[in-house]
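# Survey of secondary and tertiary structure
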Amino acid sequence: MTVFTEQLVEANRNVWATMARHPFVLGLADGTLPDSTLRAWVQQDRIFVIEERRGVATLRAHGLPSRLDDLLADLDRSLVVEAEAFTRTAADHGFAAEAEPWPVCLGYTSYLRCAAYDGVLEGLTALYAAERAYLDTWTAAAERSPADSPYHGWIQNWSGEPFRAFVAAFGRGLDELAGAPSPNLADRLGLVFAGAVRFELAFWEMCWSGQAWPG
Ligand code: MP5
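Residues numbered from 1 in each chain as written. Predicted model: local features only at pLDDT ≥ 70, side-chain atom pairs only at ≥ 80, totals over all residues. Heavy atoms only, no water.

Further remarks concern the environment of I155. You can see I155 is positioned in helix α8 (residues 152-159). Of the residues examined, I155 reaches a relative accessible area of 2% and is grouped as buried. Put simply, I155 and A29 are 126 residues apart on the chain and 7.8 Å apart in space, counted from C-alpha to C-alpha. Apart from residues no more than four positions distant in its own chain, I155 is found in contact with L28, A29, W138, A142, S145 and S149. (Helix = DSSP H or I, 4+ residues; strand = E, 2+ residues; numbered from the N terminus. Buried < 20%, exposed > 50% of the residue type's maximum accessible area, 1.4 Å probe, protein only. Contact = heavy atoms within 4.5 Å.)

See the structure below:
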């Protein structure tokens, strides 16, 4: 039988395929990303990872099984390092790391935090969607990316073995906790997951098209 997390991914294969061929991802893979697009991503993803820590803290405050709690503790530490790496990348490219969150970034981080407040399974499902989408999309990008790509370090971060092992362990933990969910619960979590992956795609689109606040 297909495990719960794989059912969630299967139900969203079209979004997965669209993410993997999104112009942002292709531009990052072959190193042709315009400067303004890189800047949008670095600034907005820095906000994303800082806000993500608040969602992780909310999830852990529910009281998680120890293996999942340990995983999220590791994630929290890696988010601190990621935020610092974004700050360094901004300095290397001569732009400010600080920025205001654009609408999609604000919507996505609020969505993850609300899911974490709603409940353990809701929050873990939304967070898993974000992590799995990054792993799979950057793995697809890595296949197209020359070794001397200027973005090699970032591509490695989310397609390398440590992140792959983290996402696999996270999936196992979520599958164990969800067990065989009732049809109602499966439907609800399916909507939570689908919302998060569409936000993920919208995030790439926001960076690519420079979707700041209107006016
Ligand atoms: C991730 C990310 C990956 N950095 N940004 C977005 C928009 N989605 C997913 O997650 P993490 O937690 O930074 O490894």
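Moving on, there is more to tell.
What follows covers the nonpolar core. The nonpolar side chains of a soluble globular protein tend to be buried, and buried together. Grouped together as the largest cluster of nonpolar side chains are 72 residues, with contacts concentrated most on W41, W138 and W204. For this core, the element with the most residues is helix α7 (residues 120-144), which contributes twelve residues. (Core = buried A, V, L, I, M, F, W, Y, C linked by side-chain atoms within 4.5 Å.)

What follows covers the site of the ligand. In the region of the ligand, 15 residues are neighbours, and D45, E52, E82, E131 and E200 sit closest. Between the ligand and D45 there is a distance of 2.7 Å, counted from a nitrogen atom to a side-chain nitrogen or oxygen. At 2.9 Å from a nitrogen atom of the ligand is found a side-chain nitrogen or oxygen belonging to E200. Bound to the protein, the ligand loses 100% of the 350 Å² it would expose on its own. Listed by contribution, the elements that provide at least two residues to the shell around the ligand are α4 (35-61), α5 (66-93), α7 and α10 (183-209). Counted by class, the shell around the ligand contains ten nonpolar, no polar and five charged residues. (Near = heavy atom within 4 Å. Polar contact = N/O pair within 3.5 Å; in protein donor to acceptor, adjacent residues only side chain to side chain. Areas by Shrake-Rupley, 256 points an atom, 1.4 Å probe, with all protein chains shown as cover. Nonpolar A, V, L, I, M, F, W, Y, C, P; charged D, E, K, R; others polar.)

Contact geometry for helix α3 (residues 23-30) and α7: axes closest at 8 Å, N-to-C directions at 45 degrees. Classified by the angle between their axes, α3 and α7 sit oblique to one another. Crossing geometry of α3 relative to α7 is assigned as right-handed. Along the contact surface, α3 presents V25, L26, L28 and A29, while α7 presents T137, W138, A141 and R144. Residue composition of the contact of α3 with α7, by class: six nonpolar, one polar and one charged. (Axes fitted to C-alpha atoms, helices over the stretch in contact; angles between N-to-C directions. Parallel < 35°, antiparallel > 145°, perpendicular 65-115°, else oblique. Left-handed = near helix turned anticlockwise from the far one by under 90°.)

With that out of the way, let us pick up the packing of helix α6 (residues 103-118) against α7. Direction vectors running N to C along α6 and α7 enclose 145 degrees, while the axes themselves pass 6 Å from each other. For the pair formed by α6 and α7, the contact residues are Y108, Y111, L112, A115, A116 and D118 on the first element and E122, G123, A126, L127 and A130 on the second. Taken together, the residues that form the contact of α6 with α7 break down as eight nonpolar, one polar and two charged.

A few words on the pattern of salt bridges. Under the criterion given, the structure shown has eleven salt bridges. Residues E51 and R113 are paired through a salt bridge, measuring 3.3 Å at the closest nitrogen-oxygen approach. You can see E51 sitting in helix α4 and its partner R113 sitting in helix α6, a full 62 residues away along the chain. For E51, a relative accessible area of 19% corresponds to the buried category. Here R53 makes a salt bridge to D76, at a shortest N to O gap of 2.7 Å. With R53 in helix α4 and D76 in helix α5, the pair connects residues that are 23 residues apart, well separated along the chain. On the basis of relative accessibility, which here comes to 17%, the residue D76 falls in the buried class. A cluster of three or more residues bridged by salt bridges with shared partners is formed by E6, R132 and D136. (Salt bridge = Lys/Arg side-chain N within 4 Å of Asp/Glu carboxyl O.)

On inspection of all chains with the given rule, the structure shows zero disulfides. Take C105: it sits in no disulfide, and the sulfur closest to it among the cysteines is that of C207, at 8.2 Å. The exposure class assigned to C105 is buried, which follows from its relative accessible area of 0%. Accessibility expressed as a relative area gives 1% for C207, which makes it buried. (Disulfide = S-S within 2.5 Å.)

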